[in-house]
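Here are the chains, one letter per residue:
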Amino acid sequence: MAIIIDGKALAVKCKEEVRTAVDAMARKPGLAVILVGENPASQVYVRNKQKDCQECGIHSEEFVLPADYGQPALLTLIAELNQREDIDGILCQLPLPEGYGYDEEAVLLAIDPSKDVDAFHPYNVGKIMIGDPSFLPCTPAGVMKMLDEYHIDVDGKHCVVVGRSNIVGKPMAMLLLHRNGTVTVCHSHTPDLAAVTRQADILVSAVGKRNTITADMVKEGAVVIDVAMNRNEQGKLCGDVDFAEVEKIASYITPVPGGCGPMTRAILMENTLHAAVAHGK
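Here goes a summary of the coordinates provided.

Calculation criteria
- Residues numbered from 1 in each chain as written.
- Predicted model: local features only at pLDDT ≥ 70, side-chain atom pairs only at ≥ 80, totals over all residues.
- Heavy atoms only, no water.
- Buried < 20%, exposed > 50% of the residue type's maximum accessible area, 1.4 Å probe, protein only.
- Helix = DSSP H or I, 4+ residues; strand = E, 2+ residues; numbered from the N terminus.
- Pairing = 2+ DSSP bridges.
- Right-handed = clockwise from strand over helix to strand, strands pointing away.
- Core = buried A, V, L, I, M, F, W, Y, C linked by side-chain atoms within 4.5 Å.
- Polar contact = N/O pair within 3.5 Å; in protein donor to acceptor, adjacent residues only side chain to side chain.
- Contact = heavy atoms within 4.5 Å.
- Axes fitted to C-alpha atoms, helices over the stretch in contact; angles between N-to-C directions.
- Salt bridge = Lys/Arg side-chain N within 4 Å of Asp/Glu carboxyl O.

The next subject is the pairing of strand 5 (residues 158-162). In terms of residue burial, strand 5 counts as a mostly covered element, since 5 of its 5 residues are buried. Burial along strand 5 is two-sided: H158, V160 and V162 facing one way and C159 and V161 facing the other are all buried. As defined by bridge partners, strand 5 adjoins strand 6 (residues 182-186) across 5 bridges and the pair is classed as parallel. Across the sheet, V161 pairs through a bridge with V185, a residue of strand 6. Running through helix 7 (residues 169-178), the crossover from strand 5 to the neighbouring parallel element strand 6 is right-handed. In this sheet, strand 7 (residues 202-205) lies alongside strand 5 in parallel orientation, the contact comprising 4 bridges. Bridging across to strand 7, C159 finds its partner in I202.

To continue, consider the sheet that holds strand 1 (residues 3-4). Ordered in space as 1-11-8-7-5-6, the 6 strands form an open sheet in which the pairing is parallel. Two strands close off the open sheet at either side, each with one partner strand: strand 1 and strand 6.

All right, on to the nonpolar core then. Residues L31, L147, L176 and I225 are the most contacted members of the largest nonpolar core, which totals 49 residues. Of all the elements, helix 10 (residues 260-278) adds the most residues to this core, at 9 residues.

Bringing the side chain of K115 into the picture now. For K115, the position within the fold is in the loop between helix 4 (104-110) and helix 5 (122-129). A polar atom in the side chain of K115 sits 2.9 Å from the backbone oxygen of N82. With sequence-adjacent residues up to four places away left out, K115 is seen in contact with L81, N82, Q83, R84, I87, D88, G89, I90 and H279.

Before going further, it helps to spend a moment on the sheet that holds strand 3 (residues 59-65). If you walk across this open sheet you meet the 3 strands as 3-2-4, and the pairing is parallel. Each end of this open sheet is capped by a strand with a single partner; those strands are strand 3 and strand 4 (89-92). Strand-to-strand twist in this sheet, taken as the mean axis angle between neighbours without regard to direction, amounts to 15°. Here 4 bridges tie strand 2 (residues 30-36) to strand 4, and the two strands are oriented parallel to one another. Across the sheet, the residue bridging to L31 is G89, located in strand 4.

In this structure, N230 sits in strand 9 (residues 230-231). Of the residues examined, N230 reaches a relative accessible area of 9% and is grouped as buried. Setting aside residues no more than four positions away along its own chain, N230 makes contact with G208, K209, R210, K236, L237, C238, G239 and D240. Among the polar contacts listed, one links the side chain of N230 to the backbone oxygen of G239, at a separation of 2.9 Å. Separated by 3.3 Å, the side chains of N230 and D240 make a polar contact.

Turning our attention to the pattern of salt bridges. Evaluated as defined, the whole model comprises 15 salt bridges. K127 serves as the salt-bridge partner of D132, at 3.8 Å between the closest nitrogen and oxygen. The class for D132 is partly exposed, based on a relative accessible area of 44%. Judged by its relative accessible area of 17%, K127 is buried. Put simply, K15, K51, D52, E55 and R265 are held in one network by salt bridges that share partners.

On to the side chain of N271. Tracing the backbone shows N271 in helix 10. Of the polar contacts made by the side chain of N271, one reaches the backbone oxygen of L136; its length is 2.9 Å. Among all residues touching N271, those that are not within four sequence positions of it are V117, F135, L136 and C138.

In structure tokens:
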């Protein structure tokens, strides 16, 4: 049976370290979170971020806007937040509502790269690519921190990432590559996915589809990281991985919930702290 990687416990530890650093600062870090529309999952995530900020001593402001707020007004708000010295991090919750003319790329470009604590701005994406990041993308960085906490060495390992999103899949591949992993990225056009995943020493799934990874797709003793957040027929949270069966084969595995999710939020707190330090606080 696999050792279960406890992302929840590690997230508590990370946030305690942030809190200690924040307590020593003369001016507290500030995070602005923008939520446009009424996406229930985004609403839950924003509430959790607010709680994290309170635990870490970070000043938090939430801008909950109607779906028809409009692109020009949203860009004006971001421009105002860029200028505020008490705000060190800005994130706009994605996806933006469809049918209202929002341009997500323009919104991401509008955020000052020094306040882009999600690391979505092309400037920060480029810095991640060359191995000189200002900020690490929250979910991939959380995965790397879990691997470190459990002394799982990436160097020389075959790492297979399933999913090629800009938010998780691509940056995850880059962070593993920077640690000297041999990285394969799989996606919806990959023929015979199982043949590739069975080669993985470290398997990261970020597809967003339940039971994408079944036991017959996993090599004995592999490390399995499940990034996805899905719901089954009963409405219960689950990931991409058939946890009950894969747990019998893997050496380490992340649960859903309680794995990558809490770590994603903890890294956001770390990034906000780093932004405040870079701003001279």
